[in-house]
Amino acid sequence: MGTASIAQPYRSPWLHGPGLRAQAQRRHWAVCGRGCAGQTTPPCCEATPTPAWPRPADRAVHAGSCSAGGAAAAAAMCRSAAVLALSLALLSAAAAAWDLWALRALRCSFTEDCECGFGPDLRGLECELAVTLVGQPLVRQQLMKGLRRFLEKRSPEKPLVMSFHGSTGTGKTFVSSMLVRHLFPEGLRSRHVHQFSPIVHFPHAEHVERYKENLKHWIQGNLTNCGRSVFLFEEMDKMHPGLIDVIMPFLGPSWVVYGTNYRKAIFIFISNAGGEQINEMTLDLWRAHRDREEISLQDMEAAISKAVFENPQSGFWKSGIINEHLIDFVVPFLPLKHHHVKQCVINELVQQGLEVRQGVVQEVADSIPYFPEEEKLFSSTGCKTVASRISFFF
């Protein structure tokens, strides 16, 4: 893209159209169901008020019955009245909650407010990470911690800025897509999610100054349109040095402009830079008999920042974003071992609807190159080539 332009508004069928009322109702009960069963309880699932006692006449009957020996009929009357009162209270609470959802749904059908399409599902994200992300304990830990802290604040101090680092095939793009899908129902197709690739959008070094101007206006325009925007910057290791610093003002704590709170945005940088250092440190820790589950962020963070900041080929080379500590969470993706690759093969077979044969799983995993040469511990390409290799074994 030579010149960046602001995306045209897109009317989502999820928010607009004949299925709005049914969708709002399904979403309402889904949220309530998750909340009641889980740790966080939304308003519609809060504890029901203590039911009112039966009417005075019934109370007198009850008192007389009890003093006469506690007849079973009086006890049944009390239970029935209590159940009735409880049912009415529940119906009243559900009706009130439904009214709120119905009003919100009605408002969203007439407005382009991006909050209407923003529906973070952190429990779903955490579950999917646990099931489908292989061999990345630090990623799950950092990602969920960062998102929870950020989203629990009604007015964050600054945008959430995360930087994913690791070698090819370790899951960086996979996780970013999953994250977006659990923030916006339309995922990467949402008009509030914006992806940048240096090869596609900023290909020519001689046009860097023009790219800077375009990028600045593109970010500002989309943030003005939607303060909840998500920006994904892929292959930061191929970004022209100095280009990314143009967005620094949008990453700090001071940007509330034109009535829009820019501090609700999320920026994610994806890079292979630092992958070599992560691989070396993981290998050293393995030789020191430390399990990958014991690896901490402190083991990795300094080496990653140094490698990224001091690499002239990196988009973060001597970047003010690093200097000013504007990145909230550095997320290291560790190299994958042979058994991790086998799990990737199984996941891919299931996704393609193919039979999971142990022989095929083993052969596909064995066909991938591993390093270092002596130990052959870690996959040189992670799980990146798994999908393309499977076809050779069927």
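Residues numbered from 1 in each chain as written. Predicted model: local features only at pLDDT ≥ 70, side-chain atom pairs only at ≥ 80, totals over all residues. Heavy atoms only, no water.

A. Here's a closer look at the state of the cysteines. By the definition in use, this model includes 1 disulfide. Put simply, Cys-344 and Cys-383 are joined by a disulfide, and their sulfur atoms are 2.0 Å apart. Since a negative S-S torsion denotes a left-handed disulfide, the Cys-344-Cys-383 link at about 85° is right-handed. Of this pair, Cys-344 sits in helix H13 (residues 338–351) while Cys-383 sits in the loop between strand S9 (378–379) and helix H15 (386–390), and the two are 39 residues apart along the sequence. Grouping residues by exposure puts Cys-344 and Cys-383 together as buried. (Disulfide = S-S within 2.5 Å. Helix = DSSP H or I, 4+ residues; strand = E, 2+ residues; numbered from the N terminus. Buried < 20%, exposed > 50% of the residue type's maximum accessible area, 1.4 Å probe, protein only.)

B. Representation of the nonpolar core within the structure. Counting 38 residues, the largest nonpolar core has Ile-219, Phe-233, Ile-247, Phe-267 and Phe-269 as the members making the most contacts within it. Those elements that provide at least two residues to this core are helix H8 (208–225), strand S3 (230–233), helix H9 (248–251), strand S6 (266–271), helix H10 (275–287), helix H11 (297–309) and helix H12 (320–323). No other element matches the 5 residues that H8 contributes to this core. Excluding anything up to four places from it in sequence, Ile-219 contacts Phe-196, Phe-231, Phe-233, Ile-247, Phe-250 and Phe-267. Counting residues in hydrophobic clusters, the runner-up holds 28 residues, among them Leu-122, Leu-125, Ile-268 and Ile-270. (Core = buried A, V, L, I, M, F, W, Y, C linked by side-chain atoms within 4.5 Å. Contact = heavy atoms within 4.5 Å.)

C. Up close: the pattern of salt bridges. Tallied over the entire structure, the rule returns 14 salt bridges. Arg-181 is the salt-bridge partner of Glu-128, the closest N and O atoms lying 2.5 Å from each other. Here Glu-128 is found in helix H4 (residues 122–132), whereas its partner Arg-181 is found in helix H6 (residues 172–181), with 53 residues between them in sequence. A salt bridge links Glu-355 to Arg-357; the shortest N-O distance between them is 3.5 Å. On the basis of relative accessibility, which here comes to 52%, the residue Glu-355 falls in the exposed class. Taken together, the shared-partner salt bridges in this structure form one network comprising Glu-115, Arg-228 and Lys-264. (Salt bridge = Lys/Arg side-chain N within 4 Å of Asp/Glu carboxyl O.)

D. Focus on the sheet that holds S3. In space, the 5 strands of this open sheet follow the order S2-S3-S6-S1-S7, with parallel pairing throughout. Since the sheet does not close on itself, it has two edges, and those belong to strand S2 (193–196) and strand S7 (329–333), each with one partner. With strand direction ignored, the average angle separating the axes of adjacent strands in the sheet is 15°. Across 4 bridges, the pairing between S2 and S3 is parallel. Residue Val-193 lies in a different strand from S3, and its bridge partner there is Val-230. With respect to the sheet, helix H5 (residues 137–151) is in contact with strand S1 (160–166), S6 and S7, its orientation differing from that of S7 by roughly 155°. (Pairing = 2+ DSSP bridges. Axes fitted to C-alpha atoms, helices over the stretch in contact; angles between N-to-C directions.)

From the geometry alone we can't say anything about function, so treat these as descriptive.
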